[in-house]
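Understanding the architecture of this molecule
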Amino acid sequence: QLFANVSGSADDEGTCQCSVYLPDTTFPVQKAEQLEIIAATLSEKFERELSQVREYSKMIELYQQQILNLTIRVEHMEKSSVSYAQLDFQLLKVEISDLERLVTQLKSSLVGSNVIVEQIYLEITNLTILVNELESLDKNNVLAIRRQIVSLQNRLKECEEGTNKTTVPPYFPPGSCIHRGLLNVSQPYIVKLNWRGFSYKYGSWGRDYSPSNPEKEVYWVAPLNTDGRYLQYYRIYSSFDNLLLFKPMYESAITYGEGSGAALYNNYLYYHAYSSRHMVKHDLKRNAMVLKKELPDAVTGNRFSYAGVSWQDIDFAVDESGLWVIYSTENSMGNIVISKLNETTLDVLNTWQTRQYKPSVSNAFMLCGVLYATRPMSTRKEEIFYTYDTSTGQEGRISVIMDKKLDTIQSIDYNPTDQKLYVYNDGYLLRYDMTFQP
């Protein structure tokens, strides 16, 4: 019904007035369409989410089953010797890598060498190779390897505990022999290249030992000529600082010497005279030869020199008791002979014949009347392996590892004042601290 009667009224002027209510009868079509679109979109999203939930439920059930299978598999592996999968080998590799890192840190924290740590490091290397082989061949030895890893971990822990304990090496007064011999040497301190340059690979250097004035500092450096045979020039330094700063007291030329076996004792330089059996005593103060004497029965001519070091047939050494000479004779058939010398007259006071073949060792030095001989282990390591005690006539075997910077050690000189080793290593001057057995 479009029209309806309504009541009205007339105002004072006679005009008719009435009120009419017109309802909004227009339908909101656009709003209804938008509502339908939104409802359809929500319905699609709901279906997608519901589908993903169903997939996640299936995956969770699958993972639960896999975890159950892995748990059963691990329990079975622990009780039997079935082959391990790739994941197990990776876990082994991670454990071995951690061991290798730990032992490397332990090695760097040690002063000098440690045979136990070196042995553990070698075993870890062998273990890495074995795991790689097992992984490629799928062998059943993983349990045995795990036992080795546990054993190595325990040994490393013991080494760490021993290393972390701060132990001060026992002190022995300079010039004394109240200890029981060499225990270890430090890492080398590289002093510098010899003053003549890199081409002068052969030579010797060290500190003078003067029993009457042991604290006085006098250092010598005596590189041979480039042929590795002639000893012609040497330099003397009044202090270690001056040696570092290339500030010698003087440089001198001598009558030709031979080989890298020179030694400085009580302000006299002792060396082997060129192409002879003669020993020479050279006065540093006067820069003059004061004595020349033949060493009886000594074999020269580079016949029984050290391994890898030519023309060192006669090697002088100094220790707490004085001057020594190390050489070979025909009667000894090339084995090392040790003679104690009177430093004033160069007379032989006593002689000891060892059973160690001289050309099989790389060098030697004297310490408290005991001969120590070395041999190369690699291009970067030397081993002090042989001893001969002149007070008892007893030979011995030790293993003290010396790190070196280049292949060959041409000379080793021990100084009783500072208890250090002075090493000439392919032209470089090295110095080692020493520790002794209490």
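These numbers were taken from a predicted model, which means no experiment stands behind them. (Residues numbered from 1 in each chain as written. Predicted model: local features only at pLDDT ≥ 70, side-chain atom pairs only at ≥ 80, totals over all residues. Heavy atoms only, no water.)

**Quick look at the sheet that holds strand S7 (residues 230–237)**
- In space, the four strands of this open sheet follow the order S5-S6-S7-S8, with antiparallel pairing throughout. Strand pairing shows two members of the sheet lacking a second neighbour, strand S5 (203–207) and strand S8 (250–258), which therefore form its edges. On average, each strand axis in the sheet is tilted by 20° relative to the strand beside it, whichever way the strands run.
- With three bridges connecting them, strand S6 (residues 219–223) and S7 associate as antiparallel partners. Paired with Tyr-219 across the bridge in S7 is Tyr-237. (Pairing = 2+ DSSP bridges. Helix = DSSP H or I, 4+ residues; strand = E, 2+ residues; numbered from the N terminus. Axes fitted to C-alpha atoms, helices over the stretch in contact; angles between N-to-C directions.)

**With respect to the nonpolar core**
- Among the nonpolar cores identified, the biggest contains 32 residues, and Leu-269, Ile-326, Ile-338 and Leu-371 are the most heavily contacted of them.
- At the level of secondary structure, the elements contributing two or more residues to this core comprise S6, S7, strand S10 (268–272), strand S14 (322–327), strand S15 (335–341), strand S17 (363–367), strand S18 (370–376) and strand S19 (381–389).
- In this view, Ile-326 contacts Tyr-306, Asp-313, Ile-314, Asp-315, Ala-317, Ile-336, Val-337, Lys-358, Ala-364, Met-366 and Leu-371; residues no more than four positions away in its chain are not counted.
- One finds Leu-182, Val-185, Phe-365 and Leu-430 within the second-largest nonpolar core, a separate group that totals 19 residues. (Core = buried A, V, L, I, M, F, W, Y, C linked by side-chain atoms within 4.5 Å. Buried < 20%, exposed > 50% of the residue type's maximum accessible area, 1.4 Å probe, protein only. Contact = heavy atoms within 4.5 Å.)

**Considerations on the environment of Glu-382**
- Tracing the backbone through its elements, the reader meets Glu-382 in strand S19.
- Between the C-alpha atoms of Glu-382 and Lys-404, which are 22 residues apart in sequence, the distance is 7.0 Å.
- In this structure Glu-382 touches Ser-362, Thr-374, Arg-375, Pro-376, Met-377, Val-400, Ile-401, Met-402, Lys-404 and Ile-409, once residues within four positions along its chain are discounted.
- A distance of 2.5 Å separates the side chain of Glu-382 from the side chain of Lys-404, its partner in a polar contact. (Polar contact = N/O pair within 3.5 Å; in protein donor to acceptor, adjacent residues only side chain to side chain.)

**A word on the side chain of Lys-281**
- Take Lys-281: it is sitting in strand S11 (residues 278–283).
- Put simply, Lys-281 is tucked away with no salt bridge, and the nearest opposite charge, on Glu-343, sits 7.7 Å away.
- Ignoring anything within four residues of it in the chain, the contact list for Lys-281 reads Tyr-268, Leu-269, Tyr-270, Ala-288, Met-289, Val-290, Leu-291, Glu-343, Thr-344 and Leu-346. (Lys, Arg positive; Asp, Glu negative; His and termini not counted. Salt bridge = Lys/Arg side-chain N within 4 Å of Asp/Glu carboxyl O.)

**Considering the sheet that holds S17**
- The four strands are arranged S17-S18-S19-S20 in an open sheet whose pairing can be described as antiparallel. The two strands at the open ends of the sheet, each matched to only one other strand, are S17 and strand S20 (394–403). With direction set aside, neighbouring strand axes in the sheet form an average angle of 25°.
- Here S19 runs beside S20; their pairing, made up of eight bridges, is antiparallel. Counted as the bridge partner of Glu-382 is Met-402 from S20.

**Some points on the side chain of Asn-415**
- Locating Asn-415 in the fold gives a position in strand S21 (residues 409–415).
- Using a relative accessible area of 1% as the deciding quantity, one classes Asn-415 as buried.
- Here Asp-418 takes part through its backbone nitrogen, which lies 3.2 Å from a polar atom of the side chain of Asn-415.
- Excluding residues within four positions of it along the chain, Asn-415 makes contact with Arg-207, Asp-208, Tyr-209, Lys-420 and Tyr-422.

**Observations regarding the confidence of the model for the protein chain**
- Looking at the protein chain as a whole, the pLDDT averages 84, with 76% of positions reaching at least 70.
- No element of the protein chain has a lower mean pLDDT than helix H2 (residues 86–109), which averages 65, and none a higher one than S15, which averages 98. (pLDDT = per-residue confidence, 0-100.)

**Comments concerning the pairing of strand S22 (residues 420–425)**
- Among the six residues of S22, six are classified as buried, and the element is accordingly described as predominantly covered.
- Going residue by residue along S22, you find Lys-420, Tyr-422 and Tyr-424 tucked away on one face and Leu-421, Val-423 and Asn-425 tucked away on the opposite face as well.
- Two successive antiparallel strands, S21 and S22, enclose a turn made up of four residues, where Gln-419 displays a positive phi of approximately 55°.
- For S22 and strand S23 (residues 428–436), the ladder comprises six bridges, and the chain directions are antiparallel. Following the sheet pairing, Tyr-422 is matched in S23 by Arg-431.
- Between the end of S22 and the start of S23, which pair antiparallel, lie two residues, with Asp-426 showing a positive phi angle near 50°.

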